[in-house]
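# Coordinate analysis (summary)
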Amino acid sequence: MPAPNPTQLMVIANYDALRQALAGGSLPDGTPLSAEAVAKLACDAELLPAIFDTNAQPLWLGRTQRLATPAQRAAVTARDRGCIGCATAAEWCQVHHITWWSQHGTTDLDNLCLLCSKHHHLVHEHNLKIVPTPNGPKIHTGGTHPPPQRSATDPRPTHIAA
């Protein structure tokens, strides 16, 4: 078995969402690469994916970074609008890894949610699971903690509180 190659090469791959296919890419200096060249380079590479929004802000970072970026926090805030357990305002919440970082979770938008300090502690202390739903992530209590109650006058989307 050959020794691992310590050489690192950043390739910026472009994905065509309409065609759902790789559309080529480039090196950081702008040197263009065909889709075939990007695919060939990826065969022998340790991939560290990063996916960016339309303003070039990273939203999917894999395990390259533990803490959420400001762009990720903004995207999670836009989706969750506050604590997914009780609707506490987003500015009082922490960004939480749904699959915990210590359990090999990624710093990807679909693995992040907002939790207030109380619910963040409850999730960790009681090993509560957060599950995806069509309306955003929700805390699954499994009967170990009463589900959060939602005020009838709360105008936030229903995924904020049960």
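Fair warning: this is a prediction, and the values are worked out from it, not measured in the lab. (Residues numbered from 1 in each chain as written. Predicted model: local features only at pLDDT ≥ 70, side-chain atom pairs only at ≥ 80, totals over all residues. Heavy atoms only, no water.)

### So, the overall build of the protein chain
Spelled out, the test is: Numbering goes from the N terminus for both helices and strands, where a helix is a DSSP run of H or I of at least four residues and a strand is a run of E of at least two. Contacts were defined at the residue level, with two residues in contact if any of their heavy atoms lie within 4.5 Å.
The helix and strand tally for the protein chain stands at three helices and nine strands. Overall, the protein chain shows an N-to-C arrangement of helices and strands of β-β-β-α-β-β-α-β-β-α-β-β. Long-range pairs, those at least 24 residues apart, make up 43% of the contacts in the protein chain with a sequence separation of at least 6.

### Describing the state of the cysteines
The line we're drawing: By definition, disulfides here are pairs of cysteine sulfur atoms that lie within 2.5 Å. Buried, partly exposed and exposed residues are distinguished by accessible area as a fraction of the type maximum, computed with a 1.4 Å probe on protein chains only: under 20%, between the cut-offs, and over 50%, respectively.
The tally for this structure, following the rule as stated, stands at zero disulfides. Here Cys83 is not disulfide-linked; the sulfur of Cys116 is the nearest cysteine sulfur, at 3.7 Å. We classify Cys83 as buried; its relative accessible area is 0%.

### Quick notes on the pattern of salt bridges
Which entries qualify depends on this criterion: Here, a salt bridge means any Lys or Arg side-chain nitrogen found within 4 Å of an Asp or Glu carboxyl oxygen.
Inspection of the entire model under this criterion finds one salt bridge. Note that Arg79 is salt-bridged to Asp80, the shortest N-O span being 2.7 Å. In this structure Arg79 comes out as partly exposed when scored by relative accessible area, which is 28%.

### Focus: helix α2 (residues 70-80)
The following threshold applies: Note that the arc is defined by the directions from the helix axis to the C-beta atoms.
Of the residues making up α2, those classed as buried are Ala71, Gln72, Val76 and Asp80. End-on view of α2: buried residues confined to an arc of 150°, all on one side of the axis. Facing away from the buried side of α2 by more than 90 degrees, the exposed set consists of Pro70 and Ala78. Note on α2: the residue one or two positions beyond its end, Arg81, has a positive phi of about 65°.

### A few points about the confidence of the model for the protein chain
A low pLDDT means the predicted coordinates there should not be read in detail. Put simply, the rule is: A score between 0 and 100, pLDDT records how confident the predictor is in each residue.
When pLDDT is averaged across the protein chain, the result is 77; 69% of the residues are at 70 or more. Residue range residues 144-151 is modelled with pLDDT below 50. Its contacts to residues more than four positions away, or to other chains, number 16 contacts. For residues 156-162, every residue scores under 50 in pLDDT, and the model assigns this stretch 34 contacts once sequence neighbours within four places are set aside.

### Some points on helix α3 (residues 117-125)
Looking at α3, one finds that the buried residues are His119, His120, Leu122 and Val123. Axial view of α3: buried residues confined to an arc of 165°, hence all on one face. In α3, those exposed residues whose orientation departs by more than 90 degrees from the buried face are Lys118 and Glu125. Looking at the packing, one finds that the buried side of α3 touches β6 (93-97), β7 (112-116), β8 (129-131) and β9 (138-140).

### Details of the pairing of β7
For β7, a buried count of five out of five residues is recorded, marking the element as mostly surrounded by other parts of the structure. Burial of the side chains of β7 extends over both faces: Leu112, Leu114 and Cys116 are buried on one face and Cys113 and Leu115 on the other.

### Notes on the environment of Gly105
Looking at the secondary structure, you find Gly105 in the loop between β6 and β7. The contacts of Gly105, once residues within four sequence positions are left out, are Arg63, Thr99, Trp100 and Asn111.

### Some words on the nonpolar core
Our working rule: The criterion is simple. A nonpolar core is a set of buried Ala, Val, Leu, Ile, Met, Phe, Trp, Tyr and Cys residues joined through side-chain atoms within 4.5 Å.
With 18 residues, the main nonpolar core has Ile84, Cys113, Leu115, Val123, Ile130 and Ile139 as its most contacted residues. No other element matches β7, which puts five residues into this core. Not counting residues within four places of it along the chain, the set of residues in contact with Cys113 comprises Val76, Arg79, Asp80, Ile84, Gln94, Val95, His96, Ile98, Ile130 and Pro137.

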